[in-house]
Amino acid sequence: MQLNTHLTSAKYSIYLLIVLTVGLLPVAVLDVYWLRPAAQTGLLALAFSLLDAPSLRLPAGLPVLWAWVLVFAVSWLEQAVLLAIFVLWCANLHRLDGLRFVWGAGMLVMLVLWRSGHPLELHLGLTWQIVALGFWLMRRYSHVRPAWAALGVKVVAGWLGIAALPLSIDLDGGLLRTVAAGYVLLAYMVYAAHSYRALANRNAARTLAAHWHALAVLLLLCGAGGLSVLGLLPAPIPTGWLAPLAEQSVLWAGLAVALAGVNQITAELRDENRRVTGLLPFWCVSAGVLLVLLAGFGDGLIRAYMESIGYVADTDDLLSLRQYGRFIAFSGVIIYGLGFMARRPTISY
C-alpha cells in the first residue's frame, strides 16, 4: 500500500524515524554507546503515535526529525530535540490520558538528567517511557480495555517510580537495603503481572509487537529488577559492577520496545495485519542480547570474587562469549532490516 502525499508532516516524521531506527540497529548491537540513540529514536517514533501526532498536523514535524538526525554531528542538539518533543507534549496537556502523561513525565526526567550519569535517568526517565509506550502497544495487540490500560500505567509508573529511589541513593544499614530490595523486586513483579495480562489475552494482531514487548518485560524484570535487587542485598563480595549491567538492561529493553513499535507502526502505515519482520530476527536478537548480559554477569561475578581473595581473574572466555552474543544479535538485526526493507511502506511524491 502506498502512502499518499496528503499525509501530514508528522506521519512522515514517524516513518523516517522508523527508518533511522532500523539503520542504527547494527551499530547499536555492536557498540553499547549507540544503544541509547537507537532506542530513543525508536521510542520517539512510538511517542509521536502515542501523542496522535498525525492528527495534530504539525508543520514542525520534519524540522524536528532532521534536527534529531544532526544529533550525531552536534551532540548538544540531542537535548534540544528532546526539549522540542516535550514542548509538543506540554502543548497538548488538555488531551493527555495516563499513557501520554507518564511518557511526558519520563521525558522530563531525562531532560533534567540528560547524560549526567545519574541512575534516575534510566531507572526512572527511560523506564517510564518504556512502560507508557508498552501499554500503548498492549492496546494494539491484546483485548485489554483502554480504561484498564489508563489505570494500569499509572499504577505501574507509581510502583516503579518509588522503586527507582533506592537505586539512585546510597542506603546505609543492612535491614534498610534488604527492605528496599524486596520492594524493588515487588514493583517489577507488578509490572510483569500487568504485562502478562495483555500477553495472555491477545487479539488477532500478527505484527509480532507482542513478542518484542515480552522481551522488553523480561529484560526489565530480570535485568533492571533482578540485578538491582542483588546489588542492594548484603553480599560477601563487591557488587558495584551490577549497577552498570542493570542500566544496560534498561537500554536493551528500550530497544526491544522500539522494535515492537517499528513492527506495529509499519503494519499500520501499510494498513495490513501481517508481520513486518519474521520470527528469526526476534529469536536471534533475543538470544544474542541475553547471551551478552549473561556473559557480562559472569565476568563481573568472577572478577569481584577473585579480587576479594586477592587474585586477578582471567575472563577472556567470557569476553569471547559476549562477542558471540553480539554477533548473533547482529545477524538478527541484519535480517530484521532486510525484512523491514522488503515490507516497508512506499511513499509516493
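Residues numbered from 1 in each chain as written. Predicted model: local features only at pLDDT ≥ 70, side-chain atom pairs only at ≥ 80, totals over all residues. Heavy atoms only, no water.

### Considerations on the overall build of the chain
Part 1 of the argument: When you go through the chain residue by residue, the secondary structure sums to 13 helices and 2 strands.
Part 2 of the argument: Scored against the burial criterion, the 349 residues of the chain give a buried share of 55%.
Part 3 of the argument: Of the contacts made within the chain by residues no fewer than 6 positions apart, 79% connect residues no fewer than 24 positions apart.
Part 4 of the argument: On the chain, roughly 14,900 Å² of surface is accessible, and the fraction owed to carbon and sulfur atoms is 66%. (Helix = DSSP H or I, 4+ residues; strand = E, 2+ residues; numbered from the N terminus. Buried < 20%, exposed > 50% of the residue type's maximum accessible area, 1.4 Å probe, protein only. Contact = heavy atoms within 4.5 Å. Areas by Shrake-Rupley, 256 points an atom, 1.4 Å probe, with all protein chains shown as cover.)

### Considerations on the packing of aromatic side chains
Part 1 of the argument: A full pass over the atoms with the stated rule returns 6 aromatic pairs.
Part 2 of the argument: Residues W212 and F282 carry aromatic rings whose centres are separated by 5.1 Å and whose planes lie at 90° to one another, so their mutual orientation is edge-to-face. Pair noted here: W212 is in helix α10 (residues 209–232) and F282 is in helix α12 (residues 279–308), with a separation of 70 residues, a long-range link. The pair W212 / F282 is uniform in exposure class, with both members buried.
Part 3 of the argument: What makes F282 buried here is its relative accessible area of 7%.
Part 4 of the argument: What links up through ring pairs into an aromatic cluster is the set W212, F282, W283 and Y336. (Phe/Tyr/Trp six-rings, centres within 6.5 Å; stacked < 30°, edge-to-face > 60°.)

### Focus: the environment of L227
Part 1 of the argument: Within the secondary structure, L227 sits in helix α10.
Part 2 of the argument: Sequence-distant contacts of L227, that is, excluding residues within four places in its chain, are made with C222, L242, L245, A246, S249 and F297.

### Overview of the pattern of salt bridges
Part 1 of the argument: Counting across every chain of the model gives 4 salt bridges.
Part 2 of the argument: In this structure, E268 engages R140 in a salt bridge whose closest nitrogen and oxygen atoms are separated by 2.9 Å. Here E268, found in helix α11 (residues 242–270), pairs with R140, found in helix α7 (residues 120–141); they are 128 residues apart in sequence, far enough to count as distant.
Part 3 of the argument: On the basis of relative accessibility, which here comes to 38%, the residue E268 falls in the partly exposed class. (Salt bridge = Lys/Arg side-chain N within 4 Å of Asp/Glu carboxyl O.)

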